[in-house]
Amino acid sequence: SNTLELFLLGAIYRVSPLKSLSSCLLVGILSVTGTYVRITFPVFAWPVVLYHVLSRPSPARLLFNIVGALVALSVFLVYDKHHYGRWVFTPLNNAIYNSSIENLKLHGLHPWYTHIVIGMPLMFAPLLLNLKRLKRISTTQDLICWSSIISGLIVLSSVQHQEPRFLLPLLL
């Protein structure tokens, strides 16, 4: 699911700059799909989705974003109803489970700095060897990418169960 989250985040970054109404449908669909795949998806996707919505505001674009999200949400809700035999909102159940310290203890608890001290160096050490190639914030796209990285790292570090694989979306 971590790799799929990375793929969906990459897709949303690819589709969001497009100006067509079909891109708005796709952003809505990808946003809901990503959230169903991993509840951490919105933490990484919010900067690009917000920019997509606010950069070219129009009622039609907003409507297409909402319609895309509602279509995807409907598909997932109907699938879960069929699968579980009752109405279930899977991301909410996932969030409730992961907000319980007792449940997190089953998977291991970690201090808030684990991602910064262990996860980031483990995954990104090769990049750090060549610091001069790291991008400075010079464009709106750079700002959106850095916002995703920083917000994702902050939110994931606030959760007591941390694994390097949770940082995969930062590779984007």
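Above this note sits the structure.
Residues numbered from 1 in each chain as written. Predicted model: local features only at pLDDT ≥ 70, side-chain atom pairs only at ≥ 80, totals over all residues. Heavy atoms only, no water.

Comments concerning a nonpolar patch on the surface
Here is the rule: Patch building starts from residues that exceed 30% relative accessible area and form no salt bridge, then joins like charges within 9 Å and nonpolar side chains (Val, Leu, Ile, Met, Phe, Trp, Tyr) within 5 Å. Each accessible area value is a Shrake-Rupley result obtained with a 1.4 Å probe; residue values ignore everything except the protein chains displayed when judging cover. Between Lys or Arg on one side and Asp or Glu on the other, a salt bridge is scored when a side-chain nitrogen of the former is within 4 Å of a carboxyl oxygen of the latter. Secondary structure counts use DSSP, requiring at least four H or I residues in a row for a helix and at least two E residues in a row for a strand, with both numbered from the N terminus. For every residue, the accessible area obtained with a 1.4 Å probe (protein chains only) is divided by the maximum for its type, and the residue is called buried under 20%, exposed over 50%, and partly exposed between those limits.
On the surface, a cluster of nonpolar side chains totalling about 540 Å² of accessible area is made up of Trp112, Tyr113, Ile116, Val117 and Ile118. Looking at the secondary structure, you find Ile116 in helix α7 (residues 114–128). Judged by relative accessible area, Ile116 falls into the partly exposed class, the value being 42%.

Notes on the layout of surface pockets
Applied cut-off: Here a cavity is any set of points on a 1 Å grid over the protein atoms alone where a 1.4 Å probe fits but cannot get out, and a pocket is any open set with protein on both sides within 12 Å along at least 5 of 7 lines; a residue lines the site when it has an atom within 4 Å of a point. Grid points are joined across faces, edges and corners, and a volume is the space filled by probe spheres set on the points. Charged means Asp, Glu, Lys or Arg here, nonpolar means Ala, Val, Leu, Ile, Met, Phe, Trp, Tyr, Cys or Pro, and polar covers whatever is left, Gly included.
As a volume, the second largest pocket reaches approximately 420 Å³. In this structure, the second largest pocket is lined by 19 residues; those nearest its centre are Arg38, Ile39, Thr40, Asn98 and Phe166. Elements with a minimum of two residues in the lining of the second largest pocket: α5 (90–98), α6 (101–107) and α8 (140–158). In terms of residue count, α5 provides more of the lining of the second largest pocket than any other element does, four residues in total. Of the residues contributing to the lining of the second largest pocket, the split by class is nine nonpolar, seven polar and three charged.

Considerations on empty space enclosed by the protein
Under the counting rule described, the total for this entry stands at one cavity of 30 Å³ or more. Approximately 50 Å³ is the volume found for the largest cavity. Lining the largest cavity are Tyr13, Cys145, Ser148, Ile149, Pro169 and Leu172. Sorting elements by how many residues they give to the lining of the largest cavity places α8 first, with three residues. Tallied by class, residues from the lining of the largest cavity come to five nonpolar, one polar and no charged.

Details of the packing of aromatic side chains
Let me state the cut-off plainly: The rule is short: rings of Phe, Tyr and Trp, with Trp giving its six-membered ring, pair when the centres are within 6.5 Å, and they are stacked under 30 degrees, edge-to-face over 60, tilted in between.
Tallying each qualifying case throughout the model produces three aromatic pairs. Ring geometry for Tyr36 and Phe76: centres 4.4 Å apart, planes at 10°, overall stacked. In this pair, Tyr36 sits in helix α2 (residues 21–37) while Phe76 sits in helix α4 (residues 59–84), placing the two residues 40 residues apart along the sequence. Plain terms: the ring middles of Tyr36 and Phe89 are 5.9 Å apart, the flat faces sit at 80° to each other, and that makes the pair edge-to-face. Separated by 53 residues along the polypeptide, Tyr36 in helix α2 and Phe89 in the loop between α4 and α5 bring together distant segments of the chain. Judged by its relative accessible area of 13%, Tyr36 is buried. Taking relative accessible area as the criterion, Phe89 reaches 38% and is therefore assigned partly exposed. Linked through ring pairs, Tyr36, Phe76 and Phe89 together constitute an aromatic cluster.

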